[in-house]
Amino acid sequence: MNPQRPLLEVNCLTIRFGGLVAVSNVTFHQNEGEILSIIGPNGAGKTTIFNIMTGFYRPTEGGVFYRGESLVGRPTHAISDLGIIRTFQKTMVFPKVAVRKGVLMGLHKSSKVGWWDILWNTRLKKEEDEALEQEADRLLEFTGLANKAHMEARNLPYGEQRLLEIAVGLAPGPSLLLLDEPASGMNAEEAGRVLDLIRRIRARGVTVLLVEHNMSVVMDISDRIVVLDHGEKIAEGSPAEIQNNDNVIRAYLGEGYQRARGQRNS
Amino acid sequence: MELAIQLTVQGLIIGCSYALIAIGLTMIFGLMDIANFAHGEFYVLGSYFAFTVAKMFTLFESVIANYFLGFIVGTFATIGFGVILDRLIFKRLRGEPLLTATMATIGLSIFLANSIQAIWGHWPRQMPSPFGLDPFIWGPVVMPPVRLFVLVVTGLCIAIFHFLLRHTRLGKAVRATFQNRESAALVGIEIDRVYRWSFATGAGMAAIAGIMLATFMPMDPVSGGFATLKAFIVVILGGMGTFVGAIVAGLGLGVMEALGGGFIASDYKDGFGFLFLILFLLFRPQGIFGEE
Amino acid sequence: MKVSRIFGGLVLTALLLAIPWIVPDDYILHLIIYAGFFVMLASGLNLLVGYMGQLSLGHGAFWGLGAYCSALLALKQGWPFWLGLPAGGLLAAVFAILLGRLILKVRGHRFVIITLAFQIIIQLVHYNWIGLTDGQNGLAGVPSPTLEIPGVGKIDFFSKTNFYYLILVFCVITVYVCYRVANSRVGRALEAIRENEPLAESVGVSAFRYSMIAFVLGAFFAGLAGSLYAHYTRYISPDVFDFLHIVEMLTMVLLGGRATILGPVIGALIFTGLPEALRFVPNPFWGLSWAPGHLVTSKALPAELQLMVFGLILLLGVVYMPEGIVPWVRKRFGRRPVAQAGEEAHPE
């Protein structure tokens, strides 16, 4: 494996839906261990890129490469086998099961026992069950949901449902985690918890790719930012660079943000 | 060839009843997203109400008057009953998951079919027919007057239905709700009223189909199940949620069954519909006219 | 293993073994045997309907296929029951595999109606392929199972007592397998598909693969139950494909307790017993002069009214007690311990 090669490469990615070009010639990369955010006004194509990367859509042109392997054309569960897991923009949990059980469901791929072991509840299965239990508890601890383990997921407050989503996303042990608006609709305190969680996720060695609207989250946590507008990439760089980029300011941040940041361009 | 034409015509007549029942089912599918397994019971109920009125209240000496009295009362009684059911049960079922709603309508159909049998007994009944027995003969086509009646009434119903849908406020409201429930509610359409009238129309059409068919074929309490089944096949073949589809597929199914039964195997006549159903569901799930 | 659990298990086992001696008459034993068939049917069906949440109206077809297969093999080929039984199960499983490949990618109303269409086609074939099935007349004279144990002698399962033990064994096997499957990643995968299919797919659950597992496993047990049924009643007709049977099975699953192991068992017992219990309800129309003639043929509740009650129970039950009796009772009367990876809260 080439250490210089980026973990993720998106090359000239384009997708057309009928007459509408949702993503146009987008190229960027992400290195292992860095936190990359994709931002842009609504409709810029951010979630569409996630959908292409995880096999929900097929691009019209261009490619996506993960550790050098092409992702295009693979079914969703095969892509998740490669270590890429995503969360969704709309809250996706397993609503009527307990939080803990939901995480156990997320641990599906960690279960390796065969039919014989399942049928006879052999020692192998019991040990695996034990290991899964512990892993589930660890994940709940990690995301701060340990005290809500037995609540039905649909009864969790919104912020914690989003945390649960991340916990379930971490369960298969991804090497690249795609988070789709993890902080959306959250107040400052909830967003802070998510931020903290993302940092800890990175500390665990997982590369995180974010799509986010919440600017303070993005600026706070990103190593690099890619900005999209109307399906095209209009800027790429560090948070500081992006904040000062005219194109970005024009398209997205607006004067209000500049004023708030105390940077006024005349 | 002559046989084919005759069979086609016969099939068309049965197809008329399929089409009428299917229109009602389409409405419930399209508006409430419920697979109403009890729909066929309106078909049966209509004929039983009509039969009871025609026989019991021999107000008039003439068979014709009794027949039409039964027809009208039967239809309206079924509509009224349908509205009550909507209020009591279907209102509660809207929004429930598929498993719950479907099983509930199955339970309802068992309850209704057996209620009908409890009240009227299990013997097949037929409406006293005011129509003469001398058939009209056009070339190869032999058509007893009653069957012509079916064609005419079906045509009328469809025409009236079309008119109501296109040119009345309520019809527009129904169409809007069909397209998008939430938007319709947002613009102030009383969804409950739309549902109620649609249910009433569906029940009424099924009742009319039942009464007409009961005029020349015996009807018994278990016919409801078959009617429902055929209606489902028609709705899916035609395209769930399209009225044109329901009509075309209804007539088409009637003809196909007649031809298949006549030329291939009469025992498996009913099976053709199911075979087509499976084929369509697998390879063209949107039906003939549906969109996906 | 907690002491109370072991004790409870022993008591239950003793009770089950002693049933033929406890039960007052042969008819009740017959009912229990009948319930046994439905325990197998409902438990298998529960995997697809309860755990995965997909309504299938075709389960009766697998039951009937197993019954006919086993009966035909015994009558026309002289196969002993012990070969006909697995043959019946396997035939049903094969049909399930073939059908599943075609339809398990479909969801919603369409799936429901396709399974119904399948059941009806199978029924039509059995009615009309007179050469094979003798059509409406059905197949009579299906031999009851016999077992030769060298050195001990021959056991005939003709008597209800003996057959009870036979069906008990198979019930236990069925429930055991379903229990193990439900409390493994298979069970969790099924529930994940039910709760949120795209999310399940994204954590690596292939909905197609697992729905196939549930479908085929359920069909296999239905086929076994069919074979047992045929050799018990010693007569099988296309009535076995009657729509009412599948409705009964579904009711047992849904009102007994979906996505639980105990639910279908309780459901099977309750709804096999219900028609019998209803027989004791007096006919309210008896003696009324205005009552229609066909309703007052006996002092017991007429069949139509019994079915009306059933339909009403089904309708009200799915709406007001959607999870079923067992979960409802659990919620009301106990705080169940945490559901572990390898152990569903199982009171046995």
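This text follows the structure it describes.
Values in this document were obtained by computation on a predicted structure and should not be read as measured data.

Undergrad: What exactly am I supposed to notice about the arrangement of the chains here?
TA: Most contacts, compared over the two pairs of chains touching, are made between chains B and C. Of all C-alpha pairs spanning chain A and chain B, none lies closer than 13 Å, and the two are not in contact.

Undergrad: What is the right way to look at the interface of chain B and chain C in this model?
TA: One widely used convention gives an interface's size as the accessible area the parts lose upon coming together. Contact residues are listed per partner, giving 33 residues for chain B and 35 residues for chain C. Among the elements of the structure, α4 (98-120), α9 (223-238) and α11 (269-283) of chain B are those that each provide at least two residues to the side of chain B that touches chain C. Here the element with the most residues in the side of chain B that touches chain C is α4 of chain B; it accounts for 16 residues. Across the side of chain B that touches chain C, the residue classes tally to 21 nonpolar, nine polar and three charged.

Undergrad: Hey, could you run me through the sheet that holds strand β9 (residues 224-229) of chain A in this one?
TA: Through backbone hydrogen bonds, the strands of a sheet pair up, either in parallel or in antiparallel fashion. Residues and elements named next belong to chain A. Pairing is mixed in the open sheet, where six strands are placed in the order β6-β7-β8-β3-β9-β10. Strand pairing shows two members of the sheet lacking a second neighbour, β6 (84-86) and β10 (232-237), which therefore form its edges. Mean inter-strand twist for the sheet, computed between neighbouring axes without regard to direction, equals 15°. As paired elements, strand β7 (residues 176-180) and strand β8 (residues 207-211) share five bridges and run parallel to each other. Residue pairing in the sheet places Leu-176 in a bridge with Thr-207 of β8. Where helix α1 (residues 46-53) meets the sheet, its contacts fall on β3 (35-39), β6, β7, β8 and β9, and the angle it forms with β7 comes to roughly 145°.

Undergrad: Please clarify how α4 of chain B should be interpreted in this entry.
TA: In an α-helix there are 3.6 residues to a turn, and that puts residues three or four apart on one side. Residues and elements named next belong to chain B. Compared with the 33 Å implied by 1.5 Å per residue over 23 residues, the 33 Å span of α4 between its first and last C-alpha is a close match. Across the 23 residues of α4, 18 count as buried, placing the element largely inside the fold. Of the residues trailing α4, Gly-121 is marked for its positive phi of about 85°.

Undergrad: Please clarify how the interface of chain A and chain C should be interpreted in this entry.
TA: Tallying the contact residues gives 34 residues for chain A and 25 residues for chain C. Elements supplying a minimum of two residues to the side of chain A that touches chain C: α2 (76-81), β6, α3 (99-106), α4 (115-120) and α5 (123-143) of chain A.

Undergrad: In this structure, what is going on with the pairing of β7 of chain A? I would like to understand it.
TA: Consecutive residues of a regular strand have side chains that alternate between opposite faces of the sheet. Residues and elements named next belong to chain A. Among the five residues that make up β7, five are buried, leaving the element largely enclosed by the rest of the structure. Here β7 shows a buried face lined by Leu-176, Leu-178 and Asp-180 and a second buried face lined by Leu-177 and Leu-179. As judged from the three bridges shared by β6 and β7, these two strands associate in the parallel manner. Within β7, the position partnered with Ile-84 by the bridge is Leu-176. This β-α-β element, β7 to helix α7 (residues 188-203) to β8, shows right-handed connectivity.

Undergrad: Would you mind showing me how to read the sheet that holds strand β1 (residues 8-17) of chain A here?
TA: Residue and element names in this part refer to chain A. Pairing is antiparallel across the open sheet formed by four strands, whose spatial order is β2-β1-β4-β5. Of all the strands in the sheet, the pair left with one neighbour each is β2 (20-30) and β5 (69-70). Bridging between strand β4 (residues 61-66) and β5 involves two bridges; their strand directions are antiparallel. Within β5, the residue paired with Tyr-66 across the bridge is Glu-69.

The rules behind the values
Residues numbered from 1 in each chain as written. Chains lettered and ligands numbered in written order. Predicted model: local features only at pLDDT ≥ 70, side-chain atom pairs only at ≥ 80, totals over all residues. Contact = placed C-beta atoms within 7 Å. Helix = DSSP H or I, 4+ residues; strand = E, 2+ residues; numbered from the N terminus. Nonpolar A, V, L, I, M, F, W, Y, C, P; charged D, E, K, R; others polar. Pairing = 2+ DSSP bridges. Axes fitted to C-alpha atoms, helices over the stretch in contact; angles between N-to-C directions. Expected span 1.5 Å × (residues − 1). Buried ≥ 20, exposed ≤ 12 C-beta atoms within 10 Å, placed from the backbone. Right-handed = clockwise from strand over helix to strand, strands pointing away.

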